[in-house]
Amino acid sequence: MAMQGVTAFHQKVSRMLSRQEKKPILKPNKPLALKDEVANRKMKKGEATCVTEISILMTCWKQNNFVEAMCSNEMKSFYSCVEKAQAEMKENSKQEAIGKGARLTPKLANTLLKKYPNMRIEI
Amino acid sequence: MSASVTGLLKPWTPRVFLVRWSRYNPYYLEPEPRKDLYSIPESELTAEQKEERDLKAVRPIKAATSGVTSSPFDDPVLSKFITMMMKDGDKVLARGIMTQTLESIKRNQVEKYHKAPEGKRDEIECNPYAIFHQALEHCKPVIGLASIQKGGKFYQVPIPLTDNRRRFMAMKWLITECRDNKHRRTLMYEKLSQEIMAAYDKEGNVIKKKHELHKMAESNRAYAHYRWW
């Protein structure tokens, strides 16, 4: 049943390409076949991390005329926030490299498709 | 005659091997030069350290560079500073300048110590290594600027910096300040010792440069949202 569906599809495509009845509907400039890879999509842009910490630190600086001795608490919280953000990013990238993230990255999809490529020669 | 003939029968090996851009296989681990880590008895190792030791027993380890020693005086920060000061690969000269700098710092501090009254003597720090580290800490910027393009224009956006980047910036500022903005006839060790002492007291051009960077970051704080990481 699947074979019948496949051959019917081939006949339709060849009719669309042929010049016998009317003008051909399709004029493909590339071969009508699926590639063994996926295009790289634009990554969704993340947001800036630790912006609140930065703004608190900067208000403290403004008030104390950039003397650092007075702003040690804000600086400590800023550094801790930065460390946390960096650790999180590292974790996320590691998870994505394994494949446990939310989406299948194009890199992973390509490795999978390379393992099971399309048939190029009919056996 | 037989000696020369047997010499010709050797397989040809090149006398010169290209080494400059070669890289160790990532499988190799970094060497650990510090002796005190090896003298910890078995019982006091944490689980992580035990794991590391087991891993090191099976993996190959890179050769240590010649700038690294197992002596207690080996300081990675100081070695990095010496390497940054080095010109044309002359590590001997750079190290000599650094030792002269530390010596002159010590001399100045001991002079101050002996001239100071009894009450103030405890506050004067005589260890030049401690002074160098403290001065470097004072020179490190907290926040840096990155040039980010948005809508065709480039904006200077305040970004958090990694520790390595901050240390590098502090060292670079110290060295360029000493090389460019001092009197022509003073020697490098004098210039460096003056700059380091000034940075220890939170004065001087390097601290000024750091404050200017902070001020720029503060004035551009509205662009902080242009970052995407």
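All values reported here derive from a predicted model rather than from experimental measurement. (Residues numbered from 1 in each chain as written. Chains lettered and ligands numbered in written order. Predicted model: local features only at pLDDT ≥ 70, side-chain atom pairs only at ≥ 80, totals over all residues. Heavy atoms only, no water.)

(A) Highlighting the overall build of chain A. Of the regular secondary structure elements, chain A holds four helices and zero strands. In sequence order, the secondary structure elements of chain A are arranged as α-α-α-α. Relative to the 2.2 N^0.38 estimate, which gives 14 Å for 123 residues, the radius of gyration of chain A is 28 Å and therefore markedly larger than a compact globule would have. Seen through its C-alpha atoms, chain A measures out along the principal axes to roughly 85 × 35 × 25 Å. A fraction of 45% describes how many contacts in chain A between residues 6 or more apart in sequence connect residues 24 or more apart. In chain A, 23 side chains carry a positive charge and 12 a negative one; their mean positions are 13 Å apart. (Helix = DSSP H or I, 4+ residues; strand = E, 2+ residues; numbered from the N terminus. Rg over C-alpha atoms; globule rule 2.2 N^0.38 Å. Contact = heavy atoms within 4.5 Å. Lys, Arg positive; Asp, Glu negative; His and termini not counted. Charge placed at Lys NZ, Arg CZ, Asp CG, Glu CD.)

(B) Region of the structure containing the overall build of chain B. When helices and strands are tallied, chain B shows eight helices and two strands. Secondary structure of chain B in N-to-C order comes out as α-α-α-α-α-β-β-α-α-α. In summary, chain B has a C-alpha radius of gyration of 25 Å against a globular reference of 17 Å for 229 residues, an excess of more than 25%. Oriented by its inertia axes, the alpha-carbon framework of chain B measures out at about 80 × 60 × 55 Å. Contacts spanning at least 24 positions in sequence make up 65% of the contacts within chain B whose residues lie at least 6 apart. For chain B, the accessible area works out to roughly 16200 Å², and carbon and sulfur atoms hold 54% of it. Across chain B, the centroid of the 40 positively charged side chains sits 8 Å from that of the 29 negatively charged ones. (Areas by Shrake-Rupley, 256 points an atom, 1.4 Å probe, with all protein chains shown as cover.)

(C) Structural detail: the pairing of strand S1 (residues 143-150) of chain B. Residues and elements named next belong to chain B. In this sheet, strand S2 (residues 153-160) lies alongside S1 in antiparallel orientation, the contact comprising eight bridges. Residue pairing in the sheet places alanine 146 in a bridge with valine 157 of S2. Hairpin connection, S1 to S2: the antiparallel pair is bridged by two residues, and glycine 151 has positive phi, about 60°. (Pairing = 2+ DSSP bridges.)

(D) Representation of the nonpolar core. Residues and elements named next belong to chain B. Within the largest apolar cluster, 32 residues are counted, with the highest numbers of intra-cluster contacts made by Phe81, Met85, Met98, Phe132, Cys139 and Leu192. Those elements that provide at least two residues to this core are helix H3 (76-85), helix H4 (91-115), helix H5 (128-139), helix H6 (163-180), helix H7 (188-200) and helix H8 (205-219). Here this core gets seven residues from one element, more than from any other, and that element is H6. With residues near it in sequence (within four places) discarded, phenylalanine 81 still touches Met98, Phe132, Met171, Leu174, Ile175 and Leu192. (Core = buried A, V, L, I, M, F, W, Y, C linked by side-chain atoms within 4.5 Å. Buried < 20%, exposed > 50% of the residue type's maximum accessible area, 1.4 Å probe, protein only.)

(E) Molecular detail of the interface of chain A and chain B. Taken together, the contacts link 21 residues of chain A with 18 residues of chain B. Carbon and sulfur atoms make up 66% of the surface buried where chain A meets chain B, a total of about 1900 Å² over both sides. Three residues stand out in chain A for area buried against chain B, namely A:Met58, A:Phe66 and A:Glu68, and they jointly supply 30% of the buried area on that side. Across the contact surface, chain A and chain B share two salt bridges. Among the salt bridges present, the one from B:Glu218 reaches A:Lys62, with a minimum N-O distance of 3.9 Å. Counting every contact that joins chain A to chain B gives six residue pairs in polar contact (both at pLDDT 80 or more). Those elements that place two or more of their residues in the side of chain A that touches chain B are helix H2 (51-64) and helix H3 (72-98) of chain A. When residues of the side of chain A that touches chain B are assigned to their parent elements, the largest contribution, eight residues, is made by H2(A). (Buried area = accessible area lost by both parts, 1.4 Å probe. Salt bridge = Lys/Arg side-chain N within 4 Å of Asp/Glu carboxyl O. Polar contact = N/O pair within 3.5 Å; in protein donor to acceptor, adjacent residues only side chain to side chain.)

(F) Fine view of the state of the cysteines. Residue and element names in this part refer to chain A. All chains considered together, the criterion is met by two disulfides over all chains. Each sulfur of the disulfide joining cysteine 50 and cysteine 81 lies 2.2 Å from the other. Between cysteine 50 and cysteine 81 the sulfur-sulfur dihedral comes to about -105°; the bridge is accordingly left-handed. Linking cysteine 50 in the loop between helix H1 (2-17) and H2 with cysteine 81 in helix H3, this pair joins segments that are 31 residues apart in sequence. The burial state of cysteine 50 is the same as that of cysteine 81; both residues are buried. Each disulfide pairs two cysteine sulfurs, and for cysteine 60 the partner residue is cysteine 71, the sulfurs being separated by 2.2 Å. Because the sign of the S-S torsion sets the handedness, a value of about -100° for the bond joining cysteine 60 and cysteine 71 places this disulfide among the left-handed ones. Taken together, the residues cysteine 60 in helix H2 and cysteine 71 in the loop between H2 and H3 connect sequence positions eleven residues apart. (Disulfide = S-S within 2.5 Å.)

(G) How the structure looks around unusual backbone geometry. Positioned with a positive phi, A:Asn65 is a non-glycine residue whose angle comes to about 60°. Here A:Asn65 is to be found in the loop between H2 and H3. A relative accessible area of 60% means that A:Asn65 is categorised as exposed. One non-glycine residue, B:Asp88, lies in positive phi territory at about 60°. Looking at the secondary structure, you find B:Asp88 in the loop between H3 and H4.

(H) How the structure looks around the side chain of B:Asn220. Residues and elements named next belong to chain B. Turning to its location among the elements, asparagine 220 is positioned in the segment after H8. Under the relative-accessibility criterion, asparagine 220 is labelled buried at 12%. With near-sequence residues (within four places) excluded, asparagine 220 lies in contact with Gln156 and Pro158.

(I) The confidence of the model for chain A, seen in detail. Put simply, chain A has an average pLDDT of 86, and 97% of its residues get 70 or more. When the elements of chain A are averaged for pLDDT, H1(A) gives the smallest value, 78, and H2(A) the largest, 92. (pLDDT = per-residue confidence, 0-100.)

(J) Quick look at H4(B). Residue and element names in this part refer to chain B. Look at H4: 36 Å from first C-alpha to last across 25 residues, which is about the 36 Å you get at 1.5 Å a residue. What H4 keeps buried is the set Ala94, Ile97, Met98, Thr101, Leu102, Ser104, Ile105 and Gln109. Elements in contact with the buried residues of H4: H3, H5 and H7. (Expected span 1.5 Å × (residues − 1).)

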